[in-house]
Amino acid sequence: MNASFPDLADAPSDAWVPDDEHFTCVQVIDETHDVRTFVLRLHDGARSFRYRPGQFVTLALDIDGERLHRCYTLSSSPTRPDTLAITVKRVVGGRVSNWLHDHLRPGGLLSLTGPAGQFCFPAGPVAAPARGQLYLSAGSGVTPLMSMSRAWADLGLDADVQFLHAARTPQDVVFADELAVLARRLPRWRASVVCEGRGSTPGYSGLLGRLSLPLLRAQVPDLLEREVWCCGPAPFMAAVRAMLAEAGFDMSRYHEESFSFEAPAPTPAPVEAPIPDAAEPAPRFVITLKRGERFECAPDETLLEAARRAGLRWPFSCSSGVCGTCRTRRLSGEVQMSQGGGLRPREVAQGWMLPCCSRPLGDLELDR
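What you see as residue numbers is a count from 1 along each chain, following the sequence as written. Local features in this predicted model are restricted to residues of pLDDT 70 or higher, and side-chain atom pairs are both shown and tallied only at a pLDDT of 80 or more, whereas totals for entire chains, interfaces and linings draw on every residue. The side-chain quantities take in all heavy atoms of the structure and omit both hydrogens and water.

Trainee: Can you walk me through unusual backbone geometry in this structure?
Mentor: Negative phi values dominate among residues other than glycine, just as trans dominates among peptide bonds. Positive phi outside glycine occurs at Asp64, with the angle close to 55 degrees. Think of it this way: any DSSP run of H or I at least four residues long counts as a helix, any run of E at least two long counts as a strand, and we number them from the N terminus. Note that Asp64 resides in the loop between strand E3 (56-63) and strand E4 (66-73). Of note, Phe175 is a non-glycine position whose phi angle comes to about 65 degrees, a positive value. Locating Phe175 in the fold gives a position in the loop between strand E8 (161-167) and helix H3 (176-185). Residue burial is assigned from relative accessible area. The probe radius is 1.4 Å, only protein chains are included, and a residue is buried under 20% of its type maximum, exposed over 50%, and partly exposed in between. With relative accessibility at 4%, the residue Phe175 sits in the buried group.

Trainee: Explain the pattern of salt bridges here, please?
Mentor: Proximity of charged atoms lets side chains of opposite charge pair with each other. For this analysis, a salt bridge means a side-chain nitrogen from Lys or Arg found within 4 Å of a carboxyl oxygen belonging to Asp or Glu. Summed over all chains, the structure comprises 22 salt bridges. Two residues, Asp160 and Arg226, come together in a salt bridge whose shortest N-O distance is 2.9 Å. Here Asp160 is found in the loop between helix H2 (143-155) and E8, whereas its partner Arg226 is found in strand E11 (residues 226-231), with 66 residues between them in sequence. Asp160 sits in the buried class, given a relative accessible area of 4%. A salt bridge links Arg309 to Glu301; the nearest nitrogen and oxygen atoms lie 2.6 Å apart. Connected via shared salt-bridge partners are Arg131, Asp158, Asp160, Arg188, Arg190, Asp222, Glu225 and Arg226.

Trainee: Honestly, the pairing of strand E13 (residues 285-289) in this entry has me stumped. Any pointers?
Mentor: By the criterion of burial, E13 is predominantly enclosed, with 4 of the 5 residues buried. Strands are treated as partners if at least two bridges between them are detected by DSSP. Here E13 runs beside strand E14 (residues 294-297); their pairing, made up of 4 bridges, is antiparallel. Bridge pairing in E14 places Thr288 opposite Arg294. As paired elements, E13 and strand E19 (residues 364-366) share 3 bridges and run parallel to each other. Bridge pairing in E19 places Ile287 opposite Leu364.

Trainee: Sorry, what's going on with the sheet that holds E19 here?
Mentor: Neighbouring strands of a sheet are bound in pairs by backbone hydrogen bonds; such pairs are parallel or else antiparallel. One open sheet holds the 5 strands; their spatial order is E14-E13-E19-E15-E17, and the pairing between them is mixed. Looking at which strands have only one partner, the edges of the open sheet turn out to be E14 and strand E17 (352-353).

Trainee: Looking at this model, I keep getting lost on the packing of aromatic side chains. Mind explaining?
Mentor: Each aromatic ring pair is described using two quantities: the centre-to-centre distance and the angle formed by the ring planes. Pairs were defined over the aromatic rings of Phe, Tyr and Trp, the Trp ring being its six-membered one, requiring ring centres within 6.5 Å. Orientation was assigned from the angle between planes: stacked under 30 degrees, edge-to-face over 60, tilted for the rest. This model, assessed by the stated rule, comprises 4 aromatic pairs. Judged by centre distance (5.5 Å) and plane angle (75 degrees), the ring pair of Phe119 and Trp229 falls under edge-to-face. One end of the pair, Phe119, is in the loop between strand E6 (109-116) and strand E7 (132-138); the other, Trp229, is in strand E11, with 110 residues separating them in the sequence. Three or more aromatic residues link up through ring pairs in this structure, and these residues are Tyr135, Phe163 and Trp189. Either the NZ atom of lysine or the CZ atom of arginine qualifies as a charge over a ring when it sits within 6 Å of the ring centre and within 35 degrees of the ring normal. Over the ring of Trp314 we find Arg368, and its NZ or CZ is 4.7 Å from the ring centre.

Trainee: For this particular structure, what's the right way to read the packing of H2 against H3?
Mentor: Running from N to C, H2 and H3 cross one another at 35 degrees; their axes reach a closest spacing of 10 Å. Considering how the two elements wind past one another, H2 and H3 form a crossing that is left-handed. Across from Met146, Ser149, Arg150, Ala153 and Asp154 in H2, the residues of H3 making contact are Glu178, Leu179, Leu182 and Arg185. Residue classes in the contact of H2 with H3 are distributed as 4 nonpolar, 1 polar and 4 charged. Between the N-to-C directions of two axes lies an angle of 0 to 180 degrees, each axis being a line fitted to C-alpha atoms and, for a helix, fitted only over the stretch in contact. Handedness of a helix crossing follows the sense of rotation of the near helix relative to the far helix, less than a right angle counterclockwise being left-handed and clockwise being right-handed. Contacts are assigned to residue pairs that have any heavy atoms within 4.5 Å of one another. Classification convention: Asp, Glu, Lys, Arg as charged; Ala, Val, Leu, Ile, Met, Phe, Trp, Tyr, Cys, Pro as nonpolar; all other residues, Gly among them, as polar.

Pasting the structure below:
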């Protein structure tokens with residue numbers, strides 16, 4: 001029987017809650033030549049953290065006079081509540097990743113919101129529990145799965161996990177040493193690495209090539225009996241989905257992290273208002289902000305689209321209701337929201353909403 005995590009999600013009254021907070025960087029760790037881990041602590045040092053393994057936070061940075069938001073999965077485990085960590089790959093042309101690598105040092109400050117995200121074990125009740133877990137990652141996509149693995153080890157649970165990580169070369173394997181340590185600590189937790197090439201390690205004797213269905217079947221013979229957690233670049237996750245479909249895998253047991261960690265969200269395309277009927281003008285609702293600004297929003301456009309059309313610069317990142325960057329509290333009025341996990345049910349009950357995926361049902365007043 002596979003072990004399960006205890007409830008790590010309900011925070012005590014003195015724990016970190018999703019809001020804009022300032023954090024101090026207390027340590028920088030070089031994982032590979034282009035990947036660094038930044039260990040953070042709340043600036044006031046008075047509270048601990050509660051989140052679920054696999055969740056992410058959203059950074060807010062002022063770079064060259066522009067406010068930028070990016071989502072990064074926590075590579076740390078909530079079983080170590082005094083600090084948290086993000087592990088960041090330097091991306092060519094990536095404004096945030098390069099700024100973090102070039103400028104963030106111990107003592108530096110960051111502004112974060114979070115935690116958020118549904119890429120967390122357990123995912124919810126299932127009709128038939130899986131035999132065990134299969135973690136598939138590539139590049140810096142290892143981070144949420146490392147958070148889960150660290151939690152397994154810290155809690156001393158008998159986790160039946162097969163962890164298969166893909167990298168370009170042995171020098172690009174993030175957390176290589178810790179993967180080996182975890183394999184020794186957890187009797188049924190096994191890790192394998194497949195590298196496209198040997199790089200500068202001529203004596204490398206591990207798996208070579210790209211992840212393929214034959215390789216997957218060879219490494220995980222009971223593949224069809226497991227629950228799969230996948231994180232990595234979009235082409236990698238698409239290839240994994242194709243492999244699993246070919247193998248006849250039950251995709252109701254498949255989970256993937258579905259947002260980009262570095263790429264900025266695209267600017268929403270302008271929404272063309274429908275031509276109103278002469279007899280019945282199209283309704284437009286009035287959105288009033290706490291600071292006195294007003295703008296109009298049509299029923300068929302999101303609040304974020306309308307705000308940007310009105311020239312307002314609201315923070316956002318994923319534009320799909322996943323990251324929670326644009327979270328705003330309603331003071332009055334109702335919306336239709338189709339979020340992807342950016343808010344917890346209790347936050348929705350408290351009046352929080354996500355403008356990027358919310359459409360007005362009438363006039364609104366927002367606490368913004």
